[in-house]
Amino acid sequence: MNFLQTILKNLAHTPNKPILQEVHGDRLVTTTCGELLDNIERARRALAQAGLRPGDRCVLLAPNSSRWVALDLAVISAGALVVPLYSRQALEELVAMMKDCTPRMLCCSNNELGEAITARWNDAPRVLLFDEIFSDRTGSVAETSASPQGLADGSPVAIMYTSGTSGDAKGVVLNIGNLSFMVQRTTARLEELMQNVRKEEDDRVLHYLPFCFAGSWVLLLTCLYRNNCLMMSTDLNKLADELRVANPHYLQNVPALLERIRSGITSQFRKKGGLALALFANGQAAWLRRRIGNPKTLDGLWAILAGVLVFPKIRQRLGPNLRALICGSAPLAEETQLFFEMIGIPVLQGYGLTETTALCTMDDVHNVIPGRVGLAIQGIEMKLGENDEILVRGPNVFPGYWNRPQATAEMIKNGWLHTGDQGEVDEKGNWKIVGRLKNLIIPTSGHNISPEPIEQMVLSALPEAGQTVVIGNGRKFLSVIITGDISEKRVEMALERVNQKLPHYKQIRKFLLASEPFSAENGLLTVNRKLKRNAIEARYKNQIDALYQDTEARK
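Figured I'd write up the structure that's included with this text. Owing to the predicted nature of the structure, the values given are computational and were not obtained by experimental measurement.

**Description of the packing of aromatic side chains**
Aromatic rings considered in pairs are described by the distance between their centres and by the relative angle of their planes. All chains considered together, the criterion is met by eight aromatic pairs. Centroid distance Phe-269 to Phe-280: 4.4 Å. Interplanar angle 5°. Geometry classified as stacked. Highlighted residues: Phe-269 in helix 10 (residues 255–272) and Phe-280 in helix 11 (residues 274–291), separated in sequence by eleven residues. Note on accessibility: Phe-269 and Phe-280 belong to one class, buried. Each ring, one from Phe-280 and one from Phe-339, has its centre 6.5 Å from the other, and the planes form 65°; the classification is edge-to-face. With Phe-280 in helix 11 and Phe-339 in helix 14 (residues 334–342), this residue pair connects regions lying 59 residues apart in the sequence. Residue Phe-280 is classed as buried on the basis of its relative accessible area of 2%.

Below, the structure is given as structure tokens:
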């Protein structure tokens, strides 16, 4: 059976089992398997009556909810292609994506969003509101189609748009075979993680990332495939409170959140000062030195004291049940991964693209190597190509971009997907992501420089910074743009420390403090928080030119 058949079978066989829970304040609003199955059938009928046919595209534009899940599965089981979009993305970008995929209809959670789209698009498709779709209360589980019709491994089921870091977003087509393969592999890895845990109940999983992103969607489908209840965040501003309510075993994260947690904990100890700060700072330094086999005389004592009096309390506050934090979508600072390992919560990284059904590698839960993203998933081949580009081949690789044969041909050559990422692999097969080839900076010295590792070093030296962007393509030296409320003196001291660890051609000579944080709202970040480097350099062009003016005038 494919992934969808398995999910529908699970729902039908355990109608009274909780399968989705929305966190609302201090309570959980539960949807059972039977209720979800009823909602899937209700949505299928409503969509069919509205004219949805196999092969049509149907846009979902709404935050995570049990209704979102029902619609998602209803569209796929009807033989149509679901197009999940981020409801908080810029309206112009949303309209551009919809014009690209020409959907039959648009399903919105609220009328305001639908009206905003139609106001900007004269030929917009029909808008269906969630309340309208789920208003039909007739029917029951017994009437629900037990199996989707006509869906083979090669059948396309979704179009997921790329983040568009360097241009227009492209529609990645994913099929039944891609998703069936991936949910089986993620299922196996989660079961490894939860070995030796009492299994009378489900894994406790909290999810806050939007389902419109490939990795987030794969985790949702994996939970449904395993018949394991998934708890959904409904208010990111209250995520800390929701964590206490959910008390999860694991959750999926982006690096920005983990780095913010680490920075917040460190800042709290600095504010406390005194004995608490001494125990934390000395315990952390001792732990790091002992880890690399270079301890000092009192490190054993500091490690014991911090290991008894400090680190367990931090872990308890984050979540007493936490077995691991799962992280992907962007590079995670090695210092952050080590921080969580120190307090007893491993961070498991995965690497992949939307074009690889979200994943190519996953950390071995028994052998996590900080700074690396794990081994290639069983059944997937990976190798290094020209300029150390990561190439991928396997059943996870997408069949192509929507209506873009030339872009597809440029991405997949001789059966290998060209990721555009530079990588390294050690003798045991553990991969490390160096950076994006298209982000390479070539100063006048002619060196090829990946900015991402340097940016991580600056962020580690300046934990109070928000974001960093290294620039200098075609220039005589590198500079960095930094966001955050930081003094120039503080930046100068941090860059001095960073430069001591870098060869001369990678050293940062000048910096620019940005006037506002980069965000999706101001067009300087993608919706999944990746830097739009070209847009950032264009926004600060005058300041960048002034930064280099004196030096370049003396050439």
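**Some thoughts on the pairing of strand 23 (residues 478–482)**
Within a regular beta strand, the side chains point alternately toward one face of the sheet and then the other, so they alternate between its two faces. In terms of burial, strand 23 is largely enclosed, as five of its five residues are buried. Of the two faces of strand 23, the one carrying Leu-478, Val-480 and Ile-482 and the one carrying Ser-479 and Ile-481 are both buried. Strand direction decides the pairing type here: strand 22 (residues 468–471) and strand 23, joined by four bridges, are antiparallel. Bridge pairing links Ile-471 to Ser-479 in strand 23. A loop of six residues connects strand 22 with strand 23, the two strands running antiparallel in sequence, and Gly-472 in this loop sits at a positive phi of about 140°. Pairing analysis gives five bridges linking strand 23 to strand 24 (residues 508–513), with the strands arranged parallel. Counterpart to Val-480 in the pairing with strand 24 is Phe-511. Following the chain from strand 23 across helix 17 (residues 488–499) to the adjacent parallel strand 24, one finds a crossover that is right-handed.

About the thresholds
- Residues numbered from 1 in each chain as written.
- Predicted model: local features only at pLDDT ≥ 70, side-chain atom pairs only at ≥ 80, totals over all residues.
- Heavy atoms only, no water.
- Phe/Tyr/Trp six-rings, centres within 6.5 Å; stacked < 30°, edge-to-face > 60°.
- Helix = DSSP H or I, 4+ residues; strand = E, 2+ residues; numbered from the N terminus.
- Buried < 20%, exposed > 50% of the residue type's maximum accessible area, 1.4 Å probe, protein only.
- Pairing = 2+ DSSP bridges.
- Right-handed = clockwise from strand over helix to strand, strands pointing away.

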